[in-house]
Amino acid sequence: MNWNLKKRPLGLLLVTCFTLLSCSGRGPATEDHDHDHEAKSAPTNRLTLTNEIINNLGLTFEAARRGRFQVWRSLSGELEVPEDRQFVLKAPALGRVISVAKRGHVVAHDEVIAQLEVPELKELQVNVDSAQRTTVRLKGALAELEKLERETRAYALEAEQFQAEARQRVEELSKLMKEGNALVVKDLLEARVTLTEASRAHLEAKEKQADHLAQRRQLEHDLADAFAAVDARLVELTLLTGLRRERLMATEGGVPAYRMLKHVEIRSPSVGMVTEPLAQVRDLVDAGDPVLKVVDASSLRFRGALPESDAALVVAGRTLRIEFPSKAWSPVEVPLTQALPIADRHTRMVPVEALLRNPEHKMQDGLSATASLLVEGGAHEEVLLPMPCVLFDGLDAVVFRRDPNDANVVIRTKVELGQRNAREAEILAGLMAGDQVVALGVQQMMQALSAKPKESGHFHADGTFHADGK
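This one's a predicted model, so the numbers in the text were calculated from it and none came from an experiment.

Draft legend 1. Summary view of the overall build of the protein chain. Counting secondary structure elements, the protein chain contains 8 helices and 25 strands. In the protein chain, which comprises 470 residues, the proportion classed as buried is 34%. Across the protein chain, contacts joining residues at least 24 apart in sequence account for 74% of those joining residues at least 6 apart. Split by element, the accessible area of the protein chain, about 28,300 Å² in all, is 52% carbon and sulfur.

What follows is the structure, given as structure tokens:
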């Protein structure tokens, strides 16, 4: 700030900028001194601003716009990372920490951020190998049984055919003997012996088939148990390592990946940042002990509250406008999410929640924020202006409008207000959309032009005063 300028009276600074205009203009140069003095001291609503005045008084300007007036409820709150985007990663088993990411480390999804030396890993690798070998052995036994089954099946078919032929021979000889042919008695006896042997062979073949079927069922049962054991061991290995089964069983050079694991790796479940290393290198941790915390702040939740008298306004989908402490972050409008239907029994407040995107992680967990909940909108479009731009001079609402023909001049202008709140006001008359008005520094403008005209008259839109009867 220019301190030499600050020491001068504010009125003196601003009065030196007044410009005199009137309906009739200046008189001729031949008019007397008293008339000139009276013309120069005539009241005016115009004030000329230099860059020096604008900078020293910190003046800013806002543009009137056209739109529907909206009614908002103000509330305060804070930003937080949703619970489902905060990850506390824990040790899966007893082990020793051999590496851990540092605080502030930005992580990618599935990135290794800690390693543990876990005795259980070796034990599980041995168990998986053992279960795998059992399945290979049982598969081999099942293949051998299938070979025997094929041979027994062929033998049973031959025995059945031999039995059928022997029975037919006995029947033929028995018929001849009944017809009185005594010469066939010996042949009939031999045929009966042959039938008995064929029947015995067929029965043995059937018994072998039954035995093979029982063996098959037992082998299939054992093989199913062996596969279940492999699955169970792999599930345990998956839980321990955090790797999918397909990744564990993938082979490289004929060796499955699970055999090559030396350490248990803790991987990030999401993109984010390590906010808290909860264990140090060489620490001994038990199963379930926290190792580090990862936070994904790409989306944040605004959490605030309204009095229970406004509970009916808290409806999912209603627009919430959120403003942040830093002016570097533009306000955002987001829909309300469905909050828990639980009011605070002590403060008599109901929760208000909304999610907002934070892809560049500029805003942090725990920041304060202010918000406005949209309650209703106007039925028609009107000229709208921020309410801090409006001042009251008695019963008159006034603004300081920038002269559209001279940006260095502002004009004290009466306006007619419609609906208004602390944020915004409807301007029914006096301004048009696009007009520039003083925002910060409007009080100083009012002080500079606070003198009322002592004679009756009226001001024109351009700020000049016209006395009645002249």
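Draft legend 2. Expanded view of the packing of aromatic side chains. Inspection of every chain in the model, using the stated rule, returns 1 aromatic pair. On the numbers, 6.1 Å between centres and 80 degrees between planes, the contact of F324 with W329 is edge-to-face. Its end group placed over the ring of F61, R402 keeps NZ or CZ at 3.8 Å from the ring centre. Geometry around W72 places R423 over its ring, the cationic atom sitting 5.8 Å from the centre.

Draft legend 3. Local environment of the environment of T135. Along the chain, T135 turns up in helix α5 (residues 119-178). In this structure, the C-alpha to C-alpha distance between T135 and D222, residues 87 residues apart in sequence, is 8.6 Å.

Draft legend 4. Quick look at a nonpolar patch on the surface. Together, M177, V185 and L189 make up a nonpolar patch on the protein surface, roughly 250 Å² of accessible area in all. Within the secondary structure, V185 sits in helix α6 (residues 185-241).

Draft legend 5. Seen up close, the side chain of E353. Its location among the elements puts E353 in strand β17 (residues 349-357). Every residue in contact with E353, bar those within four places of it in the chain, is listed here: R301, F302, R303, L336, T337 and A339.

Draft legend 6. Just the packing of α5 against α6, in detail. For the pair α5 and α6, interaxial distance at closest approach is 6 Å and the crossing angle is 165 degrees. What the angle tells us is that α5 and α6 run roughly antiparallel. Relative to α6, the crossing made by α5 is left-handed. For the contact of α5 with α6, the per-class residue count stands at 34 nonpolar, 14 polar and 17 charged.

Rules and cut-offs
Residues numbered from 1 in each chain as written. Predicted model: local features only at pLDDT ≥ 70, side-chain atom pairs only at ≥ 80, totals over all residues. Heavy atoms only, no water. Helix = DSSP H or I, 4+ residues; strand = E, 2+ residues; numbered from the N terminus. Buried < 20%, exposed > 50% of the residue type's maximum accessible area, 1.4 Å probe, protein only. Contact = heavy atoms within 4.5 Å. Areas by Shrake-Rupley, 256 points an atom, 1.4 Å probe, with all protein chains shown as cover. Phe/Tyr/Trp six-rings, centres within 6.5 Å; stacked < 30°, edge-to-face > 60°. Lys NZ or Arg CZ within 6 Å of the ring centre and 35° of its normal. Patch = residues over 30% accessible without salt bridge, like charges linked within 9 Å, V, L, I, M, F, W, Y side chains within 5 Å. Salt bridge = Lys/Arg side-chain N within 4 Å of Asp/Glu carboxyl O. Axes fitted to C-alpha atoms, helices over the stretch in contact; angles between N-to-C directions. Parallel < 35°, antiparallel > 145°, perpendicular 65-115°, else oblique. Left-handed = near helix turned anticlockwise from the far one by under 90°. Nonpolar A, V, L, I, M, F, W, Y, C, P; charged D, E, K, R; others polar.

Any functional reading would require information that these geometric values do not contain.
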